[in-house]
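Observations on the three-dimensional arrangement
So you can see what is in the structure, the chains are spelled out below.
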Amino acid sequence: MEKETNQQNTLLPEQQILANSGTGIRTELGKAVKSFIKFATLAIAAFSLTFHVMPDHNYRIFPKEQLSFAYTVISSAEVDHLIDRYNEAEGMERMLIQQEYIYRRLEELGIIVSKEEGGE
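Residues numbered from 1 in each chain as written. Predicted model: local features only at pLDDT ≥ 70, side-chain atom pairs only at ≥ 80, totals over all residues. Heavy atoms only, no water.

In this section: the side chain of T72. Secondary-structure assignment places T72 in the loop between β2 (60-63) and α3 (76-88). Residue class for T72 comes out buried when judged on its relative accessible area of 13%. For T72, the side chain forms a polar contact with the side chain of K64, separated by 2.8 Å. (Helix = DSSP H or I, 4+ residues; strand = E, 2+ residues; numbered from the N terminus. Buried < 20%, exposed > 50% of the residue type's maximum accessible area, 1.4 Å probe, protein only. Polar contact = N/O pair within 3.5 Å; in protein donor to acceptor, adjacent residues only side chain to side chain.)

The next thing to look at is α3. Taking 1.5 Å of rise per residue, the 13 residues of α3 would be expected to cover 18 Å, and the 18 Å separating its terminal C-alpha atoms lies within 8% of that figure. Those residues of α3 not exposed but buried are V79, L82 and Y86. End-on, the buried residues of α3 take up no more than an arc of 60°, which puts them together on one face. Exposed side of α3, more than 90 degrees from the buried face: A77, H81 and E88 are the residues found there. (Expected span 1.5 Å × (residues − 1). Arc of directions from axis to C-beta.)

Quick look at the layout of surface pockets now. In this model, the largest pocket occupies a volume close to 260 Å³. Taken together, 11 residues form the lining of the largest pocket, with Y86, N87, V113, S114 and K115 sitting closest to its centre. A total of three residues in the lining of the largest pocket trace back to one element, the largest contributor, which is α3. For the lining of the largest pocket, the per-class residue count stands at six nonpolar, two polar and three charged. (1 Å grid on protein atoms, 1.4 Å probe; cavity = no way out; pocket = protein on both sides within 12 Å on 5 of 7 lines; lining within 4 Å. Points joined across faces, edges and corners; volume = space filled by probe spheres on them. Nonpolar A, V, L, I, M, F, W, Y, C, P; charged D, E, K, R; others polar.)

With that settled, consider a nonpolar patch on the surface. A grouping of L29, V33, F36 and I37 is seen on the molecular surface, where their side chains present a nonpolar patch of about 410 Å² in accessible area. Tracing the sequence through the fold places L29 in helix α2 (residues 13-50). Among the residues examined, L29 registers a relative accessible area of 54% and is labelled exposed. (Patch = residues over 30% accessible without salt bridge, like charges linked within 9 Å, V, L, I, M, F, W, Y side chains within 5 Å. Areas by Shrake-Rupley, 256 points an atom, 1.4 Å probe, with all protein chains shown as cover. Salt bridge = Lys/Arg side-chain N within 4 Å of Asp/Glu carboxyl O.)

Note: strand β1 (residues 51-54) against β2, four bridges, orientation antiparallel. Residue pairing for β2: F51 is matched across the bridge by P63. Between β1 and the antiparallel strand that follows it, β2, lie five residues; N58 among them carries a positive phi value of about 55°. (Pairing = 2+ DSSP bridges.)

In globular proteins that are soluble, nonpolar side chains generally tend to be buried together. By size, the foremost hydrophobic cluster in this structure holds 13 residues, and its most contacted members are M54, V79, L82 and L106. The set of elements that each furnish at least two residues to this core consists of α3 and α5 (101-108). Excluding its chain neighbours within four sequence positions, the residues that come into contact with M54 are Y59, R60, F62, I74, V79, L106 and I111. (Core = buried A, V, L, I, M, F, W, Y, C linked by side-chain atoms within 4.5 Å. Contact = heavy atoms within 4.5 Å.)

As a further point, take the pattern of salt bridges. In the structure shown here, the tally under the stated rule is three salt bridges. The residue R104 makes a salt bridge to E65 at a minimum N-O spacing of 3.9 Å. Residue R104 is found in helix α5, and its partner E65 is found in the loop between β2 and α3; the two are separated by 39 residues along the sequence. Salt-bridge contacts for R105 lead to E108; the nearest nitrogen and oxygen are separated by 3.2 Å. Taken as a pair, R105 and E108 lie in helix α5 at a separation of three residues, close to a single helical turn.

Structure (structure tokens):
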């Protein structure tokens, strides 16, 4: 049994280079892929901290007031929830909702339209 192991360890240097040549390329490629994935993840996180995205409205993108993950992707359901919250509110609470940044921006973009009370 010792003879077999001794024979395996007596590879020529050229054979060792050929045996290990593929692993170096894979390692470098793996490192490049991992660093690209890290960079892409950081870029997506930075983008999501700084912009609101509305895919239901022609992918509108507008800046956030503060860096946060709140309302990063705004769907129609979230807009409907904001409108329902506003409609159910009365007096001072309604005024506070109108002062929220997201409400003002959606109103500026024409996504939320307030109708006159008593008119219709």
